[in-house]
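The primary structure of each chain is shown beneath.
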Amino acid sequence: MNQVISADGTVITYDRAGSGPALVLVAGAFSYREFPGLLQLTGLLAEHFTVYNYDRRGRGDSGDTAPYTVEREIEDLRAIVDAAGGEAFAWGLSSGAVLALKAAEAGVPLTKLALYEPPFMTDPAGRHAPADFKPRLESLVRQSKRGEAVKYFMTKGMGAPAFAIPMMRLMPGVWKRLTAVAHTLPYDLALLDGHFAGEPLLAGEFAGVKAPTLVLDGGKSAAGLRQAAQDLADVLPDGHRRTLAGQNHNVSMKVMAPVVREFLEA
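Residues numbered from 1 in each chain as written. Predicted model: local features only at pLDDT ≥ 70, side-chain atom pairs only at ≥ 80, totals over all residues. Heavy atoms only, no water.

### Observations regarding the pattern of salt bridges
For the structure on display, the rule yields 15 salt bridges. We note a salt bridge from R57 to D8, for which the minimum N-O separation is 3.1 Å. Of the two residues, R57 sits in the loop between β4 (50-54) and α2 (70-83) while D8 sits in the loop between β1 (2-5) and β2 (11-18), which places them 49 residues apart along the sequence. We note a salt bridge from D8 to R72, for which the minimum N-O separation is 3.3 Å. You can see D8 sitting in the loop between β1 and β2 and its partner R72 sitting in helix α2, a full 64 residues away along the chain. The class for D8 is partly exposed, based on a relative accessible area of 22%. One network of salt bridges, with partners in common, ties together D15, R33, E34, D55 and D61. (Salt bridge = Lys/Arg side-chain N within 4 Å of Asp/Glu carboxyl O. Helix = DSSP H or I, 4+ residues; strand = E, 2+ residues; numbered from the N terminus. Buried < 20%, exposed > 50% of the residue type's maximum accessible area, 1.4 Å probe, protein only.)

### Looking at the packing of helix α5 (residues 146-157) against helix α7 (residues 172-180)
Here α5 crosses α7 at 90°, and the two axes come no closer than 9 Å. In this view, α5 runs roughly perpendicular relative to α7, as classed from their interaxial angle. Each of R146, G147, V150 and M154 in α5 lies in contact with α7, whose residues at this interface are W175, L178, T179 and A180. Broken down by class, the residue content of the contact of α5 with α7 amounts to five nonpolar, two polar and one charged. (Axes fitted to C-alpha atoms, helices over the stretch in contact; angles between N-to-C directions. Parallel < 35°, antiparallel > 145°, perpendicular 65-115°, else oblique. Contact = heavy atoms within 4.5 Å. Nonpolar A, V, L, I, M, F, W, Y, C, P; charged D, E, K, R; others polar.)

### Concerning the sheet that holds strand β7 (residues 213-218)
Across the sheet, eight strands lie side by side as β1-β2-β4-β3-β5-β6-β7-β8; this open sheet has mixed pairing. One side of each edge strand has no neighbouring strand; the edge strands of this open sheet are β1 and β8 (239-244). On average, adjacent strands in this sheet sit at an angle of 25° to one another, irrespective of strand direction. The sheet contact formed by β2 and β4 spans five bridges and is antiparallel. Looking at β4, one finds that G18 is bridged to T50. (Pairing = 2+ DSSP bridges.)

### As for the packing of aromatic side chains
For any two aromatic rings, the description comes down to two numbers: the centre-to-centre distance and the angle of the planes. Within the structure shown, the criterion is met by nine aromatic pairs. Measuring from centroid to centroid gives 5.7 Å for F30 and F153, while their planes differ by 80°, and the two rings are edge-to-face. Remark: F153 occurs in helix α5 and F30 occurs in the loop between β3 (22-26) and α1 (36-45); sequence separation between them is 123 residues. Ring geometry for Y32 against F35: centres 6.0 Å apart, planes inclined by 80°, an arrangement best described as edge-to-face. F35 sits in the partly exposed class, given a relative accessible area of 22%. Among the aromatic side chains, those forming a connected cluster through ring pairs are F30, F133, Y152, F153 and F196. (Phe/Tyr/Trp six-rings, centres within 6.5 Å; stacked < 30°, edge-to-face > 60°.)

Spelled out as structure tokens, the structure:
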């Protein structure tokens, strides 16, 4: 376990594994560095890259400093990149993909980006969150109603079927991991501000992201996520899209790893 100090004094914890060019993994909602999928991806890529797997602020062994801002999360990622030698590749999952994207736009030296299903909701006619989603989620978090916050975020935000929640509650280990980071869900939502209610991506958006960027989606994912992947690839200066056959938002890291490696090593 290693630690860096972010610009606002927050301790950010990370693990380092492997050898080769630096690659930072940026987790999505509910994930942290000991999440099984991140551990698996680290193992699969560590033969080819020096993998930096970190806890975003408020998660795992990292600290948290109020008030939260997206800029502070970008500073956290910058601190990890500094620890990695001053530049790095980045892989991001879901809201973590958006964080990596915004960090690159803010000038964090990320030389290539591999982004899996940034959860923009870009179709005005498609499914999107309720108008009061943000204040209601924040209210549940303030009241420490962690289970309710997880349920609300998953069903009303991510579009998970209602029956999925009781099934998750039957798996104590899974449910414990989800509720442990429920207080950080508003952080993920802040990253999506302006693109969570059917707002389209506009030409010139993210024009500051000069790094070659591979936007990935799953062939079995929701139509909205797949449309967002294409929309993002279209507006990026050097954007490319690839669909992983048979995958959904809960992507197989065994399928993911060779695609990421191929892109980063090209």
